[in-house]
Amino acid sequence: MGSNPHAPAPSETPPELPTPTTPAGREALDAILARPDRAVVALDFDGTLADIVPDPEQARAHPGAVDALVALAPKVASIAVITGRPAGVAVRHGGFAGVRGLDHLVVLGHYGAERWDAVTGTVRTPAPHPGTAAVRAELPGVLDRFGSWHGTWIEEKGQALAVHTRRAADPQAAFEALREPLGELAARHGLIVEPGRLVLELRPPGMDKGVALARYVRETDAESVLYAGDDLGDLAAYAAVEKLRTEGPDGIPGLLVCSGSAEVPELAERADLLLDGPGAVVAFLAALAERV
């Protein structure tokens, strides 16, 4: 891939690695540094590797993210991007395809229902849930009936649909007004509603970021794990890491990182390390690559 323009010159002092504020977080970071080749680094995409933008189709990985991942990936067991987006969309918006040095990267899309491996460059995807097509047909009418069409936006996600309220005149009020009717619509067709930062996603049950992360940690036989996220959908992954910490005689050390904290205090309260958004997450990953 050539030289990394963001990597420090040999004479420069390596960037300082932030210190987790909890004992469990410090133990996990020590375990990752001691045996990086047995560590899984798992990351959300939107709000963690990419800045939140009004139109999700315009979201792109933060500048320097790919370089940081290229520096870190060969040194750890695996890097997993776990997202509610279709795997192919996350790969495209992240700029991950065809990048030398990312052989240890996987993208688990649709909360783990889809999987893209950098080694093969292919996506494995399940058959669509029948309820998704029914919800797709009824959703515009529901938004119109509840007076929520203006300012909301439906994101097509293949296996799921997401209703964004960030563009509404009162985004939070629109979000709260839609929670019950969209929950009823989803339940009627065998789907569930996953709330996020001013977004309500209607998707098939049975998979979440916690299920996907725990399954992947076991698949890789990892001895430590780092998970970074920013949204309510990441709480399931946090819970999975907290459970992994207690499994077996010694547990699997896990570091919980929160990307930003203003909109989702529920995540920040459980995190071992708070970072100020995707730029700080990318800097942390680059510093971790230097240290390991």
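Since the structure is predicted, the reported quantities are computational estimates derived from the model, not experimental observations.

K.L.:
So what about the pairing of strand β10 (residues 224-229)? Which residues, and what values?
P.N.:
Most of β10 sits out of view: 6 of its 6 residues are buried. Side chains S224, L226 and A228 project from β10 onto one buried face, and the interleaved V225, Y227 and G229 project onto a second face that is buried too. Where strand β1 (residues 39-43) and β10 come together, 5 bridges link them in parallel fashion. Bridge pairing links A42 to Y227 in β10. Where β10 and strand β11 (residues 254-259) come together, 5 bridges link them in parallel fashion. Along β11, the bridge assignment pairs L226 with L255.

K.L.:
Break down the packing of aromatic side chains for me, citing the residues and quoting the values.
P.N.:
The full count for this structure, using the stated rule, is 2 aromatic pairs. Summarising the aromatic geometry, the rings of F45 and F96 are spaced 6.4 Å apart at their centres and angled 85 degrees between planes, so their arrangement reads as edge-to-face. Within this pair, whereas F45 is found in the loop between β1 and α2 (65-72), its partner F96 is found in the loop between α3 (87-94) and β3 (105-109), the two being separated by 51 residues in sequence. Summarising the aromatic geometry, the rings of Y227 and Y238 are spaced 6.4 Å apart at their centres and angled 85 degrees between planes, so their arrangement reads as edge-to-face. In this pair, Y227 is assigned in strand β10 and Y238 in helix α7 (residues 235-244), connecting sequence segments 11 residues apart. Positioned over the ring face of Y111 is R203, at 4.0 Å from the centre of the ring.

K.L.:
Report on the nonpolar core, specifying residues and quantitative values.
P.N.:
By size, the foremost hydrophobic cluster in this structure holds 43 residues, and its most contacted members are L43, L49, I79, F96, L226 and L285. Considering every element that reaches this core, the biggest residue donor is helix α9 (residues 278-291), with 7 residues. The contact partners of F96, leaving out residues within four places of it in the chain, are F45, L49, V66, L69, V81, A90, V91, L102, L105, V107 and W116. Counting 26 residues, the second largest nonpolar core, distinct from the first, contains V40, V225, Y227 and V241.

K.L.:
Describe the sheet that holds β11, naming the residues involved and giving the relevant values.
P.N.:
In sheet architecture, strand pairing relies on hydrogen bonds along the backbone and comes in two forms, parallel and antiparallel. Strand order across the open sheet formed by 8 strands is β5-β4-β3-β2-β1-β10-β11-β12, with mixed pairing between neighbours. Since the sheet does not close on itself, it has two edges, and those belong to β5 (122-124) and β12 (273-275), each with one partner. Here the average twist between neighbouring strands, direction ignored, is 20 degrees. In this structure, β3 lies alongside strand β4 (residues 114-117), joined through 4 bridges in antiparallel fashion. Bridge pairing in β4 links V106 to D117. With respect to the sheet, helix α1 (residues 23-34) is in contact with β1, β10 and β11, its orientation differing from that of β11 by roughly 110 degrees.

K.L.:
Describe the pattern of salt bridges, naming the residues involved and giving the relevant values.
P.N.:
Enumeration according to the criterion identifies 18 salt bridges in this entry. Notably, a salt bridge pairs R167 with D55, separated by 3.9 Å at the nearest N-O pair. Here R167 is found in the loop between β7 (161-164) and α5 (171-188), whereas its partner D55 is found in the loop between β1 and α2, with 112 residues between them in sequence. Look at R167 and you get partly exposed, because its relative accessible area is 43%.

K.L.:
So, the packing of helix α4 (residues 130-145) against α5: which residues are in play, and what are the values?
P.N.:
The interhelical angle for the contact between α4 and α5, taken along N-to-C directions, is 155 degrees, at an axis separation of 11 Å. Here α5 runs roughly antiparallel to α4, going by the angle between their axes. The interaxial crossing formed by α4 with α5 has right-handed handedness. Residues V135, E138, L139, V142 and L143 of α4 form the contact with α5, whose own contacting residues are L178, P181, L182, L185 and R188. Across the contact of α4 with α5, the residue classes tally to 8 nonpolar, no polar and 2 charged.

What counts and what doesn't
- Residues numbered from 1 in each chain as written.
- Predicted model: local features only at pLDDT ≥ 70, side-chain atom pairs only at ≥ 80, totals over all residues.
- Heavy atoms only, no water.
- Buried < 20%, exposed > 50% of the residue type's maximum accessible area, 1.4 Å probe, protein only.
- Helix = DSSP H or I, 4+ residues; strand = E, 2+ residues; numbered from the N terminus.
- Pairing = 2+ DSSP bridges.
- Phe/Tyr/Trp six-rings, centres within 6.5 Å; stacked < 30°, edge-to-face > 60°.
- Lys NZ or Arg CZ within 6 Å of the ring centre and 35° of its normal.
- Core = buried A, V, L, I, M, F, W, Y, C linked by side-chain atoms within 4.5 Å.
- Contact = heavy atoms within 4.5 Å.
- Axes fitted to C-alpha atoms, helices over the stretch in contact; angles between N-to-C directions.
- Salt bridge = Lys/Arg side-chain N within 4 Å of Asp/Glu carboxyl O.
- Parallel < 35°, antiparallel > 145°, perpendicular 65-115°, else oblique.
- Left-handed = near helix turned anticlockwise from the far one by under 90°.
- Nonpolar A, V, L, I, M, F, W, Y, C, P; charged D, E, K, R; others polar.

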